[in-house]
Every structure is written in C-alpha cells, then in structure tokens.
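Descriptive structure summary
What follows is each chain in one-letter form.
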Amino acid sequence: MPHSPEFEPLFGYQRMPAPAMQLAASENLSRMKRRRTVREFSAEPLPESVIENCLRAAGTAPSGANLQPWHFAVVRDPAIKQQIRIAAEAEEREFYEQRAPQEWLDALAPLGTDASKPFLETAPCLIVIFSKAYDLLPDGRRVKNYYVSESVGIATGFLIQALHQAGLATLTHTPSPMAFLNEILERPPNERPTILLVVGFPADSALVPKITKKSLDEIASFH
Ligand code: IYR
C-alpha cells in the first residue's frame, strides 16, 4: 500500500538579506576555485569523524523518489588498498595500452595520467561510491530506484564539496571496468561501483596540470 504523504513546516531554512547572499555566493566561488584534483597524496591519516560527517553531508543529497540509491565504502586498510591498486592498475594498463581510442588518449594528454596509480596505496582513505539500480529486501524482493546516475552524481558532488570544505583533497578515479571492487569489498550484486574517490592531504611536492575552466559565457545561457 502506498503511504499517504505527511508534511511538516520547513524548519531550518535561513533567508538571507541580499548583501549576505552576494557575499556567501562569492566566498563559495573563491573556495571552490581553490579545489584542484590532486594525484599525489601524503600518507598522513585523516580524522575519522571528518570523513563520517562528509558522508552524512553526501547523504543529504536529493535523489529520485528520495530512495537514496547509493552506498559509500570507506577503505583505510592498507592490505585492501593494495588489492585495489593491483586490480585497478591491471585494468588501467589494458585501457592505456589496448582499449582507449587515440581520441580519448589525446583528450587525456593535458592531464598527464597513465596506468600507474600509487595514490591508491599512499592516500589514507579511498571511498568507493556504489550505485544501486534496485534495493534488495530481506525476503529477496527487488525495489526499483529511479534516476540513479543523476542521484549518485549529485551525492558525489556534495561529498567532494564537503571534503574540500574540510580541507581535504580528492581525486575522482574511474578504473573501468571496476567490478573487481564488488569482489574485494564484498558488496552485493545490486551495487555497481561508480566512482572511486581518493581522499587525503596533497603531498608537499604535489604538482597539478595547468588547465583552465570554461567561462560563465561558455557554460551558461540566460533566457
Ligand atoms: N581511468 C583512467 C583514464 C582516465 C579517464 C578520464 I575521462 C580522466 O579524466 C582521467 C583518467 C585513469 O584513471 O587513468
């Protein structure tokens, strides 16, 4: 039987005067401009409670029918990180040496990436984000989820933003295919690994590629 909806007042919404809105938007822009994807991490450990609160922030994301079709697997165990690195590098070697069309390799050239992924072991924390096309009830029945890739994309954005806000660097890594993550992390078949987020502090010597973001004119139109 479908539930009839229940409503409550919009607690917690904070209306701001226009100058405060302008300041908040511009301060957030400055903060987000300082976020860079990093591929060299230090081994320094992270406070667990920071990761937990960032995951809680990700869990506030909107999702199709509020079904929250995601699972976040947090990996800190060095032995598991090593297993993930070995499996990911095997896929990446295939990708760079066989599977990737030249056009794709050309698109990646400015980033300087290759099949070697030492950060999967160096970084203190990996968060594997799984998408759930359906949920499994204890009796084995399936409950379908909706707009799964959109929902998981939004939650991942919230997570990256929260980690950045807490002073942590991230790398969105997508070894493909990544079914090996179900095996290593013992996740059920309704969960598909979607993004592997590498989380930590940048190495002191970290370099980032000189790249630019598109301007507002290039990414937006106003009607
Ligand atoms: N998964 C590979 C290749 C790669 C693909 C894209 I699209 C990138 O933005 C970066 C890398 C790798 O991680 O090296």
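**Quick word on the overall build of the protein**
Secondary structure assignment for the protein yields eight helices and six strands. The buried share among the 223 residues of the protein stands at 34%. Counted over contacts in the protein with a minimum sequence separation of 6, partners at least 24 positions apart contribute 80%. Surface exposure of the protein reaches about 14600 Å², of which carbon and sulfur atoms provide 56%.

**A few points about helix H2 (residues 48–58)**
Restricting attention to buried positions, one finds in H2 the residues Ile51, Cys54, Leu55 and Ala58. An end-on view of H2 places all buried positions within 100 degrees of arc, on one side of the element.

**Some details on the side chain of Asn182**
You can see Asn182 is positioned in helix H7 (residues 180–185). When residues no more than four places from it in sequence are discounted, the contact partners of Asn182 are Phe130, Arg187, Pro188, Glu191 and Pro193.

**Notes on the site of the ligand**
With respect to spatial proximity, the complete set of residues near the ligand consists of Glu92, Phe95, Tyr96, Trp104, Leu108, Leu111, Asp114, Lys117, His173 and Thr174. One nitrogen or oxygen atom from the side chain of Lys117 is found 2.5 Å from an oxygen atom belonging to the ligand. Protein contact buries 72% of the 380 Å² of open area that the ligand shows by itself. Taken together, the elements giving at least two residues each to the shell around the ligand come down to helix H3 (78–99) and helix H4 (102–108). Residue contributions to the shell around the ligand peak at three residues, all from H3.

**A look at the packing of H2 against helix H6 (residues 148–165)**
Where H2 meets H6, the axes come as close as 8 Å, and the angle between the chain directions of the two elements is 145 degrees. Taken as a pair, H2 and H6 cross one another with a handedness that is right-handed. Mapping the contact onto sequence places Ile51, Cys54, Leu55, Ala57 and Ala58 in H2 and Ala155, Phe158, Leu159, Ala162 and Leu163 in H6.

**Observations regarding the packing of aromatic side chains**
Enumeration according to the criterion identifies two aromatic pairs in this entry. Taking the centre distance of 4.8 Å and the plane angle of 80 degrees together, the rings of Phe95 and Trp104 count as edge-to-face. If you follow Arg142 out to its NZ or CZ, it ends over the ring of Tyr134, 4.1 Å from the centre.

**Quick look at unusual backbone geometry**
Along the chain, Ser176 connects to Pro177 via a cis peptide bond; the corresponding omega equals -5 degrees. Inspection of the secondary structure assignment puts Pro177 in the loop between strand E5 (169–173) and H7. Of note in this structure, Ala65 is not a glycine but carries a positive phi near 55 degrees. The residue Ala65 is located in the loop between H2 and strand E1 (70–75) in this model.

**As for H6**
For H6, built from 18 residues, the straight-helix expectation of 26 Å at 1.5 Å per residue is met to within 8% by its first-to-last C-alpha distance of 26 Å. If you check which residues of H6 are buried, you get Val148, Ser151, Val152, Ala155, Thr156, Leu159, Ile160, Ala162, Leu163 and His164. Summarising the contacts, the buried residues of H6 are in contact with helix H1 (18–33), H2, E1, strand E2 (125–132), E5 and strand E6 (191–200). Two residues or fewer past H6, Gly167 is found with a positive phi of approximately 85 degrees.

**A short note on the pattern of salt bridges**
For the structure shown, the criterion picks out seven salt bridges. The salt bridge involving Glu89 is made with Arg85; its shortest N-O contact spans 3.0 Å. Residue Glu89 and its partner Arg85 are located together in helix H3, separated by four residues, close to a single helical turn. Its relative accessible area of 12% is what places Glu89 among the buried residues. Judged by its relative accessible area of 21%, Arg85 is partly exposed. Between Asp135 and Lys132 there is a salt bridge, with its nearest N and O atoms 3.0 Å apart. Since its relative accessible area comes to 23%, Asp135 is described here as partly exposed. When salt bridges with common partners are traced through the structure, they connect Arg85, Glu89 and Glu121 into a single cluster.

Thresholds, definitions, all that
Residues numbered from 1 in each chain as written. Predicted model: local features only at pLDDT ≥ 70, side-chain atom pairs only at ≥ 80, totals over all residues. Heavy atoms only, no water. Helix = DSSP H or I, 4+ residues; strand = E, 2+ residues; numbered from the N terminus. Buried < 20%, exposed > 50% of the residue type's maximum accessible area, 1.4 Å probe, protein only. Contact = heavy atoms within 4.5 Å. Areas by Shrake-Rupley, 256 points an atom, 1.4 Å probe, with all protein chains shown as cover. Arc of directions from axis to C-beta. Near = heavy atom within 4 Å. Polar contact = N/O pair within 3.5 Å; in protein donor to acceptor, adjacent residues only side chain to side chain. Axes fitted to C-alpha atoms, helices over the stretch in contact; angles between N-to-C directions. Left-handed = near helix turned anticlockwise from the far one by under 90°. Phe/Tyr/Trp six-rings, centres within 6.5 Å; stacked < 30°, edge-to-face > 60°. Lys NZ or Arg CZ within 6 Å of the ring centre and 35° of its normal. Expected span 1.5 Å × (residues − 1). Salt bridge = Lys/Arg side-chain N within 4 Å of Asp/Glu carboxyl O.

Without other data, these values stay purely geometric and don't point to any function.
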